[in-house]
Amino acid sequence: MLRIGVIGCGAIGCDHIRRLQDLVPGAIVTACSDYFRESAKLAAKQYDIPYIYDSGEALIESAEVDAVLIASSDASHAEYVLACIKQGKPVLCEKPLAQTSADCEKIIKAELAGGKRLVQVGFMRRYDPGYREMKRIIQSGELGNPLMIHAAHRNMQQPDGLTSEMGISNIAIHELDICRWLLGDEYKSGQVLKVRQSSYSVRGYDNPQIVLLETDLGCRIDVEVQLSDGYGYDIQCQVVCEKGTIHLPDPYAVITRSGAGRTVPILTDWSQRFIQAYGIELTEWVQAVENNASHGPGAWDGYAACVAADALNRSRNTGSFMEIQMMTKPALYS
């Protein structure tokens, strides 16, 4: 059994613990840690986890832990990932890999120095059956070359403390990853636009925002980002190709017909929209670690998304596109 330590016992951390304990074959959670020790104690009691550590570093160094899953605050990600690389332990880090591209570069340099990929980033949409089918169709060439992507990321609400910049670096970071993955292309330039603001925008951040991107091959991408749309968690994606379009399917839902009309429920919780993808992600990660391999989104993908987010946030209020410049891709990530 692969012994996994989980850092961060909040909502998503506990959800991952549950999956690893109950759904993922070949894995067991042997340790947990949280900035708030009470959260770790509650998780340990609920999921029968034998070891609780006062710090993430202590968990990473523990002889009771073979691999690490990081679900703590964004600001802590880079530090913990670097500690895992130092210990030579595989790590699955929730997005974003780091808060700055400079920290992502440190992680890449550390992996290169070790000569082995140890890092996977939690871009779980790559494991969603809908997105995977979209990718298959694009790669098959049956609809010709992809030309454009229209996407939307709409959230019901956000916790206090969110900023306009985090709308890109924390929320739209999923689109920044999934669009380049679907296209198999890198970004050339990008811009964030502020549009007419929603009446739900009462917390000091831009809502909605529009992300515009151009890739090296000339594809254009637009992403509508709503941090608080007031109606649900709604993810949309359409790829326009030369001979047709490809649409991300909506999650399965029962349709009701009554005197009130024909209705389809809309999800309000992000954890339910990609519930299948999370399970596939963790299962394939555990299998890859057991086979001493790495197939998922890695440090380079985390870096690419972060570089794009940095450039987009610099473009805010400038009225112009910003060049998205990345280092030369090391052979380790080819």
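Now for a quick tour of the structure. If you're wondering where the values come from, they're calculated on a predicted model, not measured in any experiment.

Rules used throughout
Residues numbered from 1 in each chain as written. Predicted model: local features only at pLDDT ≥ 70, side-chain atom pairs only at ≥ 80, totals over all residues. Heavy atoms only, no water. Helix = DSSP H or I, 4+ residues; strand = E, 2+ residues; numbered from the N terminus. Axes fitted to C-alpha atoms, helices over the stretch in contact; angles between N-to-C directions. Contact = heavy atoms within 4.5 Å. Nonpolar A, V, L, I, M, F, W, Y, C, P; charged D, E, K, R; others polar. Pairing = 2+ DSSP bridges. Phe/Tyr/Trp six-rings, centres within 6.5 Å; stacked < 30°, edge-to-face > 60°. Buried < 20%, exposed > 50% of the residue type's maximum accessible area, 1.4 Å probe, protein only.

**Observations concerning unusual backbone geometry**
Negative phi values dominate among residues other than glycine, just as trans dominates among peptide bonds. Cis geometry marks the peptide bond from lysine 95 to proline 96, where omega comes out at -10 degrees. Mapped onto the fold, proline 96 is located in the loop between β5 (91-93) and α5 (101-114). Cis geometry is adopted by the peptide bond preceding proline 208, which originates at asparagine 207 and carries an omega value of 5 degrees. Among the structural elements, proline 208 can be located in the loop between β8 (187-194) and β9 (209-215).

**Considerations on the packing of helix α6 (residues 129-140) against helix α8 (residues 173-183)**
At their nearest, the axes of α6 and α8 sit 9 Å apart, and the two run at 30 degrees to each other. In this structure, α6 contributes Tyr131, Arg132, Met134, Lys135 and Ile138 to the contact, and α8 contributes Ile178, Trp181 and Leu182. Within the contact of α6 with α8, the residues separate by chemical class into six nonpolar, no polar and two charged.

**Some thoughts on the sheet that holds strand β2 (residues 27-33)**
A sheet is described by the order of its strands in space; here six strands give the open sequence β3-β2-β1-β4-β5-β6, paired in parallel fashion. For this open sheet the edge positions go to β3 (51-53) and β6 (119-121), each flanked by a neighbour on one side alone. Within the sheet, the average angular offset between the axes of one strand and its neighbour, ignoring direction, is 25 degrees. Here four bridges tie strand β1 (residues 2-7) to strand β4 (residues 67-70), and the two strands are oriented parallel to one another. Looking at β4, one finds that isoleucine 4 is bridged to alanine 67. Of the strands in this sheet, β1, β2 and β4 touch helix α1 (residues 11-22), which is tilted by about 155 degrees from β2.

**Notes on the side chain of glutamine 238**
When you line up the elements, glutamine 238 lands in strand β11 (residues 234-241). Glutamine 238 has contacts with Met148, Ile149, His150, Thr245, Ile246 and His247, leaving out every residue within four places of it along the chain.

**Here's the deal with the packing of aromatic side chains**
Both the distance between ring centres and the angle between the ring planes are used here to describe each pair of aromatic rings. Per the stated rule, a full pass over the model turns up four aromatic pairs. A ring pair is formed by tyrosine 131 and phenylalanine 274, whose centres lie 6.4 Å apart and whose planes are at 25 degrees; its orientation type is stacked. Of this pair, tyrosine 131 sits in helix α6 while phenylalanine 274 sits in the loop between α9 (270-273) and α10 (275-290), and the two are 143 residues apart along the sequence. For the pair shown, tyrosine 131 and phenylalanine 274 are each scored as buried. Ring centres 5.1 Å apart and planes at 50 degrees place the aromatic pair tryptophan 300 and tyrosine 303 in the tilted group. Of this pair, tryptophan 300 and tyrosine 303 both sit in helix α11 (residues 299-315), three residues apart, roughly one helical turn.

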